[in-house]
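Structural features, examined
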Amino acid sequence: MTDIDVRDIAALRQQGDLGEFLRQARTDEARANAARKQLVYRHADLADKLALLGQTPWNGRIPPAEWGGAINTTPVRAALIAIVTEAEQRGAEARQAAA
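Within each chain, residues carry numbers counting from 1 in the order of the written sequence. Residue-level local features of this predicted model are given only where pLDDT is at least 70; pairs of side-chain atoms are given and counted only at 80 or more, and the full residue set underlies all totals for whole chains, interfaces and linings. Heavy atoms from the whole structure form the basis of all side-chain values; hydrogens and water molecules are not counted.

1. Details of the overall build of the protein chain
- To qualify as a helix, a DSSP run of H or I must reach at least 4 residues; to qualify as a strand, a run of E must reach at least 2; elements of each kind are numbered from the N terminus. In terms of helices and strands, the protein chain carries four helices and two strands.
- Along the chain direction, N to C, the helices and strands of the protein chain fall in the order α-α-α-β-β-α.
- Restricting the calculation to C-alpha atoms gives the radius of gyration, and the globule rule supplies 2.2 Å times the number of residues raised to the power 0.38. Here the C-alpha atoms of the protein chain give a radius of gyration of 17 Å, more than 25% beyond the 13 Å that 2.2 N^0.38 yields for 99 residues.
- Across its three principal directions, the C-alpha atoms of the protein chain cover 50 × 35 × 20 Å.
- Considering only residue pairs separated by 6 or more positions, the protein chain has 44% of its internal contacts joining residues 24 or more positions apart. Contact between two residues is taken to exist if any of their heavy atoms lie within 4.5 Å; hydrogens are not considered.

2. Some thoughts on helix H4 (residues 75-98)
- By this rule, a helix spans an expected 1.5 Å times one less than how many residues it contains. The end-to-end C-alpha distance of H4, which contains 24 residues, comes to 35 Å, matching closely the 34 Å that a straight helix rising 1.5 Å per residue would cover.
- Each residue is placed in one exposure class: buried if its accessible area under a 1.4 Å probe, protein chains only, is under 20% of its type's maximum, exposed if it is over 50%, and partly exposed if it falls in between. Listed as buried for H4 are Arg77, Leu80, Ile83, Val84, Ala87 and Gly91.

3. What to know about unusual backbone geometry
- Here the amide bond leading from Thr56 into Pro57 is cis, since omega sits at -10°, within 30 degrees of zero.
- Inspection of the secondary structure puts Pro57 in the loop between helix H3 (44-52) and strand E1 (66-67).

4. What to know about helix H2 (residues 18-41)
- Spanning 24 residues, H2 covers 34 Å between terminal C-alpha atoms, matching the ideal 34 Å at 1.5 Å per step.
- Among all positions in H2, only Leu18, Phe21, Ala25, Asn33, Leu39 and Val40 are buried.
- Buried residues along H2 sit against helix H1 (6-15), H3 and H4.

5. Here's the deal with the pattern of salt bridges
- Think of a salt bridge as a Lys or Arg side-chain nitrogen and an Asp or Glu carboxyl oxygen that are within 4 Å of each other. Throughout the structure, instances matching the rule amount to five salt bridges.
- A salt bridge links Arg90 to Asp45; the shortest N-O distance between them is 2.6 Å. Placement of Arg90 in helix H4 and of Asp45 in helix H3 is noted, with a sequence separation of 45 residues between them.
- A relative accessible area of 34% means that Asp45 is categorised as partly exposed.
- Members of the salt-bridge network, linked through shared partners, are Asp45, Glu86 and Arg90.

6. Regarding the environment of Glu29
- Position of Glu29 relative to the elements: it lies in helix H2.
- C-alpha separation for the pair Glu29 and Gly60, spaced 31 residues apart in sequence, amounts to 9.7 Å.

7. Re the side chain of Asn72
- One can find Asn72 in the loop between strand E2 (70-71) and H4.
- With a relative accessible area of 15%, Asn72 lands in the buried category.
- Beyond its immediate stretch of four places on either side in the chain, Asn72 contacts Pro63, Pro64, Ala65, Glu66 and Arg77.

In structure tokens:
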């Protein structure tokens, strides 16, 4: 979700826009998750890596970088980022080869 603070939330609430903001943020996150999922599942070996992590089925979500005020250092998050990065690199290489 977008980085906002308490003042932003208060302003959105006062303007009557908080509900719409939250709906839009959820829509954007769902769209990004679906794109990541589609990108990774194009590659059987990367899907296998997800399975090894216990992430089957995977919805494309990557846990947040910060959780509860602390940096999220979970190995699963790092592994998911590595898998998505690999899928993105493969996609970029395929586009370059096709050009």
